[in-house]
Amino acid sequence: MANTVFESKASWAGGLKLNLQSRNHKWVVDEPEILGGTDQGPNPVELVLGGLASCVGVLVSLYAPAHKVELKDFHVFVEGDLDLDGFQEIAPVRPGFSQIRYRVDIQTDSPKENVDSLLAHIDRICPVKDTLSGVGVLSQKSGSSVAA
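Residues numbered from 1 in each chain as written. Predicted model: local features only at pLDDT ≥ 70, side-chain atom pairs only at ≥ 80, totals over all residues. Heavy atoms only, no water.

The name an unreviewed UniProt entry assigns to the protein chain is Peroxiredoxin, from the organism Leptospira hartskeerlii.

## Considering the environment of glycine 14
What counts is decided by this rule: Strands are runs of DSSP state E lasting at least two residues, helices are runs of H or I lasting at least four, and both sets are numbered from the N terminus onward. Throughout this description, buried means an accessible area under 20% of the type-specific maximum (1.4 Å probe, protein chains only), exposed means over 50%, and partly exposed covers the range between.
Within the secondary structure layout, glycine 14 lies in the loop between β1 (9–12) and β2 (18–22). Its relative accessible area of 25% is what places glycine 14 among the partly exposed residues. The spatial distance from the C-alpha of glycine 14 to the C-alpha of cysteine 126 is 35 Å, given a sequence separation of 112 residues.

## Let's talk about the nonpolar core
Taken as a class, soluble globular proteins show a tendency for nonpolar side chains to be buried jointly. Applicable threshold: Here the nonpolar core consists of buried residues drawn from Ala, Val, Leu, Ile, Met, Phe, Trp, Tyr and Cys, with membership extended through side-chain atoms lying within 4.5 Å.
Within the largest apolar cluster, 13 residues are counted, with the highest numbers of intra-cluster contacts made by Val56, Val60, Val69, Ile106, Leu118, Ile122 and Cys126. Of all the elements in the fold, those that place two or more residues in this core are α1 (44–63), β5 (97–107) and α3 (112–125). The biggest single contributor to this core is α1, with five residues.

## Side note on the sheet that holds β1
Counted only if it meets this: If DSSP finds at least two bridges between two strands, the strands pair. Each axis is a line fitted through C-alpha atoms, taken for helices only over the stretch in contact, and angles between the N-to-C directions span 0 to 180 degrees.
Strand order in the open sheet formed by three strands is β1-β2-β3, and the pairing between neighbours is antiparallel. Bordering the open sheet on either side are β1 and β3 (25–29), each of which pairs with just one other strand. Direction aside, the axes of adjacent strands within the sheet are offset by 25° on average. As paired strands, β2 and β3 are joined by five bridges and run antiparallel to one another. Residue pairing in the sheet places leucine 20 in a bridge with tryptophan 27 of β3.

## Topic: α3
Stated precisely, the cut-off is as follows: Expected span of a helix, by definition, is 1.5 Å for each gap between consecutive residues, and there is one gap fewer than residues. Think of it as the arc spanned by the lines of direction from the helix axis to the C-beta atoms.
With 14 residues, α3 ought to run about 20 Å at 1.5 Å a step, and its terminal C-alpha atoms sit 20 Å apart, in line with that. Three or more residues of α3 are buried, namely Asn114, Val115, Leu118, His121 and Ile122. Seen end-on, α3 carries its buried residues on one side only, within an arc spanning 125°. The exposed residues of α3 that point more than 90 degrees off its buried face are Lys112, Glu113 and Arg124.

## Description of the pattern of salt bridges
The condition that has to hold: When a carboxyl oxygen of Asp or Glu is within 4 Å of a side-chain nitrogen of Lys or Arg, the pair counts as a salt bridge.
All chains considered together, the criterion is met by six salt bridges. Here lysine 72 makes a salt bridge to aspartate 109, at a shortest N to O gap of 2.6 Å. Taken together, the residues lysine 72 in the loop between α1 and β4 (73–82) and aspartate 109 in the loop between β5 and α3 connect sequence positions 37 residues apart. With a relative accessible area of 54%, lysine 72 lands in the exposed category. Residue classification places aspartate 109 among the exposed residues on the basis of a relative accessible area of 66%. Among the charged side chains, a network of salt bridges with common partners joins Glu79, Asp81 and Arg101.

The following block contains the structure:
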C-alpha cells in the first residue's frame with residue numbers, strides 16, 4: 001500500500017455551510033454564529049484539530065497491544081491557537097494556527113514505561129501530525145462553470 005490517494009469533496013449548501021463527503025461518508029461543516037454561520041457542524045479548523053485527535057486515537061488503539069498497554073479508556077485532547085485577524089485580513093498575522101497542542105490521557109494498569117513508549121511511537125508515526133508539521137499544499141487551477 002505505498003502511495004494511496006484519499007479524497008474529500010465539499011459542496012456548497014448555502015451561507016457558510018458545506019456538505020462534505022469522503023468515500024461514502026457524509027457530514028456538515030459550518031461556522032459558529034459568531035463568525036456568520038448557523039453552527040450546524042464543526043468549522044474547518046475544528047476539523048483539522050479533530051483530524052489530529054482521531055489519528056492519535058486510532059494509533060493508540062492500534063499500537064497499544066504491541067507496547068503491552070492494556071487500555072481501559074483513553075481520551076485525546078487537542079487545542080490550537082488561531083488569531084482570527086489573520087484570515088479576516090484585519091492584521092498582518094498568520095491566517096492559520098500558530099501552535100497546536102495535544103495530550104493523551106490513558107487509563108491503564110500497565111507500566112508507565114510502556115505507556116511512554118506507546119506515546120513516543122505515536123508521536124513519531126502519526127500521519128496527521130506529520131502533515132501539520134509542514135507538508136506543502138498546492139492549489140490546483142480549477143475550471144469554472146456558468147449556469148445557463
